Amino acid sequence: MSRVIGIDLGTTFSCIAHLEGEKPVVIRNLEGQATTPSVVSFTSSGERLVGNLALRQAITNPEKTVFAVKRLIGRKFDSSEVLAARSKMPYQLGAAPNGDVVVVVDGHEITPQEVSGMILGYLKQCAEAFFGEPVKEAVITVPAHFNDHQRQATKDAAKIAGLEVLRVINEPTAASLAYGLDVRANAIVAVFDMGGGTFDITILEIQDGVFHVLATNGDSYLGGEDFDNRIVEWLIDDFKKEHGVDLFQDKLALQRIKEAAERSKRDLSFTLESDINLPFICSSGVGSNHINTKLTRRRLEELTGDLVKNTIPLIEQALGDAHLEPKAIQEILLVGGQTRMPLIRTTIADFFRRQAREDINPDEIVAMGAAVQSAILKGQQTELVLLLDVTPFSLGIETEDDTFQRIIERNTTIPTRKTMPFTTVENDQVRVTVHVLQGEYLQASKNKSLARFDLVGIQPAPAGIPQIDVTFEIDADGLLRVSASDVVTRMNQEVQVRPSAGLSKGEIDAIIEKNRMLP
Ligand code: AMP
């Protein structure tokens, strides 16, 4: 039987695992480490580096070292999230013809899917070295709050890497799978997942091998990087006050400061003070200047306390959707490196009045859960396990007067399919435009537009007579298909959603072909 792996494709770090007997085990990368930096660097000699080798280039080659691409995948160049990222990324971003954000290296446009594909390609190579045979299939995890475009783009990235995705599963659900199988618990569990770029809270019930997600909520733009950025801003502000030099303009200095800030943040999870020493950070007209300062845990908490606080309303919302009080939660799992921060641990413990479990590795548990799921799908996991996940957003269409008509409510168990009847608003209307949206606002224009398509060939009739059935279908990967058909005339016409973002099959094939030619 061919090998299959579980992949946690993280914003800052990625991890792979497989099932050894009944136990999920992490596969180390070619350098022997359990996690791999999600970084790709393009050298001046045209070489492409991935992982630790790429990360080491970040200071000397900042404009061509691409990190945190998961924050860009499936997003538009002019979205607020990408706008926020633009000032902080040392590499250049641009817009593809369809408006999707792309990375620009040496004048060449590279899609986030291609960059993620390069990271996945490296992880595949590590797994193949470990097994000594080709690996073609994988289960990949995504943040629970990833939308349709982000999920589809992640699948495209895997295709570029030559991997068939058996299933896309949500990161917190994967974590609960690894944990639940290990301790064989029946419990109501809250998974608080904060990695480098995203935050999710998921409430699940584990009962006799059935993992039932009750509700999920989160922010796909809140993670460890935001904590780093606060430290960076603090250091740069102080430096500007003292020396009158804006280090934001100096890409090399900015990268050094960013790395030092992240290191210091990690240290402060275990110590109360951390020294930040960056000699010769820049040379001004009067000589060389250094950063030589101390960051205390208390100061870090002042700088970032609001980021931690921002998670509470999202947790309350998830609990509300699950119709549960905080005291109903019997286990708390903390997932993602950022949850090592003591302020996060105490805030969560205060909120739930319960300590989180200490016996799980927040960096590895998601990949381990993905490995469990891959074994279930391949029939290699003999225990009866059923995973019932949910869709994180409401889905529907735009109707008259900018109104959003929900067809599938958020937190509906997937896979799911629902049909709703609609009609025409004008006499003899032969065409309707179906505008597919995702979000929670009553006003259609405030929600995220996913796709737009026309249903043509409606039999002319007075307004309100034709019956047009619109069907929404979400598959087990959380991906959406929408179709519409004219029922009254019995001339049914099914229309597939044409995504307004992402890569077409032809574009993916072209990238795969191009990659074959690269060193
Ligand atoms: P992940 O995506 O799960 O690998 O999480 C990566 C994020 O966790 C990065 O922002 C790291 O800076 C952060 N992180 C890792 N270790 C620690 C730590 N000891 N304390 C605080 N944050 C950490």
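1. Thoughts on the overall build of the protein
Point 1. Of regular secondary structure, the protein possesses 12 helices and 27 strands.
Point 2. A compact globule built from 519 residues should have a C-alpha radius of gyration of about 24 Å, and the protein, at 24 Å, falls within 12% of that.
Point 3. Across the 519 residues of the protein, 56% fall into the buried class.
Point 4. Looking at charge distribution, the protein has the averaged site of its 54 positive side-chain charges lying 2 Å from that of its 71 negative ones.

2. Description of the state of the cysteines
Point 1. Counted under the stated rule, the structure contains zero disulfides.
Point 2. Free cysteine: Cys-15, not disulfide-bonded; nearest cysteine sulfur from Cys-126 at 11 Å.
Point 3. Overall, Cys-126 belongs to the buried group, its relative accessible area being 2%.

3. Some thoughts on unusual backbone geometry
Apart from glycine, the bulk of residues carry a negative phi angle, and the bulk of peptide bonds sit in the trans form.
Point 1. Residue Ile-414 is joined to Pro-415 through a cis peptide bond whose omega torsion reads 0°.
Point 2. Positionally, Pro-415 belongs in the loop between β22 (413-414) and β23 (416-422).
Point 3. Its identity is not glycine, yet Asp-208 carries a phi of approximately 45°, on the positive side.
Point 4. Within the secondary structure layout, Asp-208 lies in the loop between β14 (199-207) and β15 (210-219).
Point 5. Unusually for a residue other than glycine, Phe-280 sits at a positive phi of about 50°.

4. Some thoughts on the domain arrangement of the protein
Point 1. Here the protein is partitioned into domain 1 (3-222 + 310-390), domain 2 (224-305) and domain 3 (395-496).
Point 2. If you average the C-alpha positions of domain 2 and of domain 3, the two centres end up 51 Å apart.

5. So, the site of the ligand
Point 1. Neighbouring residues of the ligand: 15 residues in total, closest Thr-12, Glu-262, Lys-265, Ser-269 and Gln-338.
Point 2. Take Glu-262: an N or O atom from its side chain is 2.4 Å from an oxygen atom of the ligand.
Point 3. Summarising the interface, the protein chains cover 93% of the accessible area of the ligand, which totals 500 Å² for the free molecule.
Point 4. The leading source of residues in the shell around the ligand is helix α7 (residues 251-267), at three residues.
Point 5. When grouped by side-chain class, the residues that make up the shell around the ligand number two nonpolar, eight polar and five charged.

6. Topic: the nonpolar core
Point 1. One finds Phe-192, Ile-203, Leu-247, Ile-257, Ile-291, Ile-315 and Phe-352 to be the most contacted residues of the largest nonpolar core, which totals 49 residues.
Point 2. Top contributing element to this core by residue count: helix α6 (residues 224-243), with seven residues.
Point 3. Structurally, this core is a two-domain feature, drawing no fewer than three residues from each of domain 1 (3-222 + 310-390) and domain 2 (224-305).
Point 4. Apart from residues no more than four positions distant in its own chain, Ile-291 is found in contact with Leu-235, Phe-239, Leu-247, Ile-257, Ile-276, Asn-277, Leu-278 and Ile-281.
Point 5. One finds Tyr-122, Leu-123, Ile-140 and Val-142 within the second-largest nonpolar core, a separate group that totals 48 residues.

7. Notes on the environment of Leu-177
Point 1. Mapped onto the elements, Leu-177 comes out in helix α5 (residues 171-183).
Point 2. By relative accessible area, Leu-177 is classed as buried at 0%.
Point 3. When the C-alpha positions of Leu-177 and Lys-240 are compared, they lie 48 Å apart, and in sequence the two are 63 residues distant.
Point 4. Apart from the residues lying within four places of it in its own chain, the contact partners of Leu-177 are Phe-211, Gly-369, Val-372, Gln-373, Ile-376, Val-385 and Leu-387.

8. A word on the environment of Glu-473
Point 1. Following the sequence through the fold, Glu-473 ends up in strand β26 (residues 468-474).
Point 2. Looking at Glu-473, the relative accessible area reads 30%, which means it is partly exposed.
Point 3. A distance of 3.4 Å separates polar atoms of two side chains, one belonging to Glu-473 and the other to Arg-417.

9. Overview of the pattern of salt bridges
Point 1. Considering all chains together, one arrives at 30 salt bridges under this definition.
Point 2. Of the charged contacts in the structure, one is a salt bridge between Glu-81 and Arg-75, with a shortest N-O distance of 3.5 Å.
Point 3. Given a relative accessible area of 25%, Glu-81 falls into the partly exposed group.
Point 4. Classification of Arg-75 as buried rests on a relative accessible area of 8%.
Point 5. Connected through shared salt-bridge partners, Asp-321, Arg-406, Glu-409, Arg-410 and Glu-440 make up one network.

10. Digging into the packing of aromatic side chains
Point 1. According to the stated counting rule, one finds four aromatic pairs in the structure shown.
Point 2. An angle of 50° between the planes, with centres 4.8 Å apart, marks the rings of Phe-192 and Phe-199 as tilted. The two residues Phe-192 and Phe-199 agree in class, both being buried.
Point 3. Of note, Lys-70 hangs over the ring of Phe-146, and the distance from its end group to the ring centre comes to 6.0 Å.

Basis of the calculations
Residue positions are given per chain, counting from 1 as you read along its sequence in written order. Predicted model: local features are reported for residues with pLDDT of at least 70 only, side-chain atom pairs are reported and counted for 80 or more only, and whole-chain, interface and lining totals are derived from all residues. Hydrogen atoms and water are omitted, and side-chain values are computed over all heavy atoms in the structure. For helices the rule is a DSSP run of H or I covering at least 4 residues; for strands it is a run of E covering at least 2, with both sets numbered from the N terminus onward. All radius of gyration figures rest on C-alpha atoms, and the globule criterion is 2.2 Å times the number of residues raised to 0.38. Working definition: with a 1.4 Å probe on protein chains only, accessible area under 20% of the residue-type maximum means buried, over 50% means exposed, and in between means partly exposed. Note on charges: Lys and Arg go in the positive column, Asp and Glu in the negative column, and His and the chain ends are not counted at all. Charge positions are represented by NZ for Lys, CZ for Arg, CG for Asp and CD for Glu. Two cysteine sulfur atoms form a disulfide, by the criterion used here, when they sit within 2.5 Å. Domain start and stop points were drawn from an automatic or database domain assignment. For this description, a residue counts as near a given molecule or strand if any of its non-hydrogen atoms is within 4 Å of it. As used in this structure description, the phrase polar contact means that two N or O atoms lie within 3.5 Å; if the pair is within protein, one of them must be able to donate a hydrogen and the other to accept it, and residues adjacent in sequence are counted only when both atoms belong to side chains. Shrake-Rupley sampling with a 1.4 Å probe provides the accessible areas, and residues are treated as covered by the protein chains on show and by no other component. Charged means Asp, Glu, Lys or Arg here, nonpolar means Ala, Val, Leu, Ile, Met, Phe, Trp, Tyr, Cys or Pro, and polar covers whatever is left, Gly included. Only buried Ala, Val, Leu, Ile, Met, Phe, Trp, Tyr and Cys residues count toward a nonpolar core, and they belong to the same one when joined by side-chain atoms within 4.5 Å. The contact criterion used throughout is that any non-hydrogen atoms of two residues lie within 4.5 Å. Counted as salt bridges are all cases of a side-chain nitrogen of Lys or Arg within 4 Å of a carboxyl oxygen of Asp or Glu. Only Phe, Tyr and Trp rings take part, Trp by its six-membered ring, and two of them pair if their centres are within 6.5 Å. Stacked means planes under 30 degrees apart, edge-to-face means over 60, and tilted covers everything else. For a lysine, the NZ atom is tested; for an arginine, the CZ atom; a charge sits over a ring if that atom is within 6 Å of the ring centre and within 35 degrees of the ring normal.

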